[in-house]
Amino acid sequence: MLKFPRDLYSDVRVEDVAETTLVLEDGELKQCTESRRRGAFVRVYDGKRWYNSATTEPDRLQQELDTLAAMAEPNPAIGDDPVVHRFEVNRDCVLCWQAGDLRAVPVEQKLALLRSYQPLLERSGLAATRARYLDVHVDKTFRSSLGADIRQDYQHCGIALGYTVTGANAPFTNGRQRYASDFTGLKGCQEGLRAAIAEDVNYAMHAVPVEPGEYTCVLSPTVAGVFAHESFGHKSESDFMLGSETMRREWELGKQVGWEGLSILDSGVPNGSGYCPYDDEGTRARDTYLVKNGVLTGRLHSAATAAALDEAVTGNARAISFEFEPIVRMTSTWIAGGTDTFESLLRGAEGGLYIPDFFHGSGMSTFTIAPARAYRIRGGKPAEPVLVSVISGNVMQTLHQIDGATAETELHSLFTGGCGKMEQWPLRVAFGGPYLRVRGLKVQ
């Protein structure tokens, strides 16, 4: 039983992490790794500064706490501190993956599953093939001097197939993947992946360079989601605003920032790679509207940023592992659905581009997205494939250039890569939205 120091705020986060990585390169097993690690992050706060420590010896937590407390200045009024005042005192146990625990699946079964997907890569037109199986299971506990006591778990697994298309008009390297929260969710996906790979081959063989210019673009839910994440989500992470009066004025709550049909949310509630029922400060997940009907209505917070801006916590203090302190990060970020259909969006974008997926994205004031594939829109349908290096735009202008969204929405989960911020990468997040129509995007 931990004894928290008096007249200070302190918390302890303990993580038990199990991971599996399997890699086939051109059908040959190149990696078969199972790892297990356990560690903790300890924090002490005296109202003036934080004292942090990461350890791989969780049995020595009391010593870590006592060492940090000895550096701090006792503060009998610590409970009145505006940061401490915002910490929630939740007591909960949220264990979703005790049944179907990935740790209970033998590595031989995982390798057999991966090998069952290898034949998809053994077709003409593909070279430098790579098949990967990855999984992770995290069991996390959080306790604080205020009385918070939370246990939660998370897991995901996935199959990723990568390849280079030979004989293409231009070098084309791409990949397809399937995400699942348990092992059975990865079985029986061969036909869908076979069709997706064939689509890539056809695209690579026939795509021609696009003429640079400004286009009306229809974005798939996945691309709309990465647009929301890169163009708006990062700017909603409130630590970027601390010390910047310019950003506070630009991002003043209540300001009209986009199309009146645009709403953007962030939440750790939905199941997927952004699932986070409690953040790493013990704050319960909730839906946070960043934009509602085109109006800026919220931003993402830790307890410290919420105190600095005199706002409420949102459940977005997250760290990539027990080795790092929690900072303000997204969870699942998506654009809410509208009233259009995919067909009506295409009809209103004649001569424009349909962007179904992406390689990567980035952005703050200006965003860029590198599409994996793109198609001209002809007769209200995706038509000939075109090679597009990047689509880009000014965030504040582009939000006003959106003029349509489908009622249908999708949330996209990742099991490879993730979001990067400062030295913390990759953080698991999810993103998504409806099919979205945006006018005047710069295309190269």
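Remember, predicted model here, so these are calculated numbers, not experimental data.

The next thing to look at is the overall build of the protein chain. Looking only at helices and strands, the protein chain has nine helices and 23 strands in total. For the protein chain, the spread of C-alpha atoms along the principal axes amounts to about 70 × 55 × 30 Å. Residues counted as buried form 56% of the 444 residues belonging to the protein chain. When the accessible surface of the protein chain is split by element, carbon and sulfur atoms take 49% of a total near 18,400 Å².

With that settled, the discussion passes to helix α1 (residues 61-71). By the burial criterion, the buried members of α1 are L61, E64, L65, L68 and A69. The buried residues of α1 occupy an angular sector of 130 degrees when the element is viewed end-on, so they sit on one face. Residues of α1 that are buried in the fold lie against β1 (9-25), β2 (28-45) and β3 (50-55).

With that out of the way, let us pick up the environment of N174. Within the secondary structure, N174 sits in strand β7 (residues 172-180). The sequence separation of N174 and T164 amounts to ten residues, and the corresponding C-alpha distance is 6.5 Å.

Time to look at the pairing of strand β11 (residues 288-292). Relative to β11, strand β10 (residues 264-267) is paired through three bridges, and the arrangement is antiparallel. Looking at β11, one finds that I264 is bridged to V291. As defined by bridge partners, β11 adjoins strand β12 (residues 295-296) across two bridges and the pair is classed as antiparallel. Within β12, the position partnered with V291 by the bridge is L296. Here β11 hands over to β12 after two residues, with N293 in that stretch at a positive phi of 55 degrees.

Below, the discussion takes up the packing of aromatic side chains. Counted by the stated rule, this structure contains 14 aromatic pairs. Judged by centre distance (4.5 Å) and plane angle (20 degrees), the ring pair of Y45 and W50 falls under stacked. With relative accessibility at 28%, the residue W50 sits in the partly exposed group. Taken together, Y9, Y45, W50 and F87 form an aromatic cluster joined through their ring pairs. A cation over a ring is seen here: K292 above Y289, with NZ or CZ 4.6 Å from the ring centre.

Let's shift gears to the nonpolar core. Ranked by internal contacts, the top residues of the largest apolar core, which has 43 residues, are L219, F227, F232, L353 and L436. Elements that contribute at least two residues to this core include exactly β9 (213-219), α5 (221-233), β11, β16 (353-363), β17 (366-378), α9 (395-401), β20 (402-413) and β23 (430-443). The dominant element in this core, judged by the number of residues it contributes, is α5, at six residues. In contact with F232, other than residues within four places in its own chain, are F227, W251, V257, I264, L290, V291, L296 and L399. In this structure, Y117, L186, C189 and L193 belong to the second largest nonpolar core, which totals 38 residues.

Across its 17 residues, helix α4 (residues 190-206) extends 25 Å between first and last C-alpha, which sits within 8% of the 24 Å expected from 1.5 Å per residue. Looking at the packing, one finds that the buried side of α4 touches α3 (107-117), β5 (126-144), β6 (149-165), β7, β17 and β18 (381-387).

The omega angle of the peptide bond from W425 to P426 is 0 degrees, so this bond is cis rather than trans. Among the structural elements, P426 can be located in strand β22 (residues 424-427). One non-glycine residue, D310, lies in positive phi territory at about 55 degrees. Positionally, D310 belongs in the loop between α7 (303-309) and β13 (317-318). In this structure D310 comes out as exposed when scored by relative accessible area, which is 62%. Positive phi, close to 50 degrees, is recorded for M422, a residue that is not glycine.

With that out of the way, let us pick up the pattern of salt bridges. Any two side chains of opposite charge can pair, on the condition that their charged atoms come close. Considering all chains together, one arrives at 29 salt bridges under this definition. When the shortest N-O distance is used, the salt bridge between E15 and K140 registers 3.9 Å. Residue E15 is found in strand β1, and its partner K140 is found in strand β5; the two are separated by 125 residues along the sequence. Each of the two residues, E15 as well as K140, counts as buried. Salt bridges here are not isolated pairs; linked through shared partners, they connect R176, E199, D200, D357 and R373.

Among the structural elements, S144 can be located in strand β5. S144 sits in the buried class, given a relative accessible area of 5%. Contact partners of S144, with chain neighbours within four places excluded, come to F4, Y9, S10 and D11.

Moving on, we come to the state of the cysteines. In this structure the tally under the stated criterion is zero disulfides. Cysteine C419 remains unbridged, with the sulfur of C276 as its closest cysteine sulfur at 13 Å. Its relative accessible area of 5% is what places C419 among the buried residues.

Rules used in this analysis
- Residues numbered from 1 in each chain as written.
- Predicted model: local features only at pLDDT ≥ 70, side-chain atom pairs only at ≥ 80, totals over all residues.
- Heavy atoms only, no water.
- Helix = DSSP H or I, 4+ residues; strand = E, 2+ residues; numbered from the N terminus.
- Buried < 20%, exposed > 50% of the residue type's maximum accessible area, 1.4 Å probe, protein only.
- Areas by Shrake-Rupley, 256 points an atom, 1.4 Å probe, with all protein chains shown as cover.
- Arc of directions from axis to C-beta.
- Contact = heavy atoms within 4.5 Å.
- Pairing = 2+ DSSP bridges.
- Phe/Tyr/Trp six-rings, centres within 6.5 Å; stacked < 30°, edge-to-face > 60°.
- Lys NZ or Arg CZ within 6 Å of the ring centre and 35° of its normal.
- Core = buried A, V, L, I, M, F, W, Y, C linked by side-chain atoms within 4.5 Å.
- Expected span 1.5 Å × (residues − 1).
- Salt bridge = Lys/Arg side-chain N within 4 Å of Asp/Glu carboxyl O.
- Disulfide = S-S within 2.5 Å.

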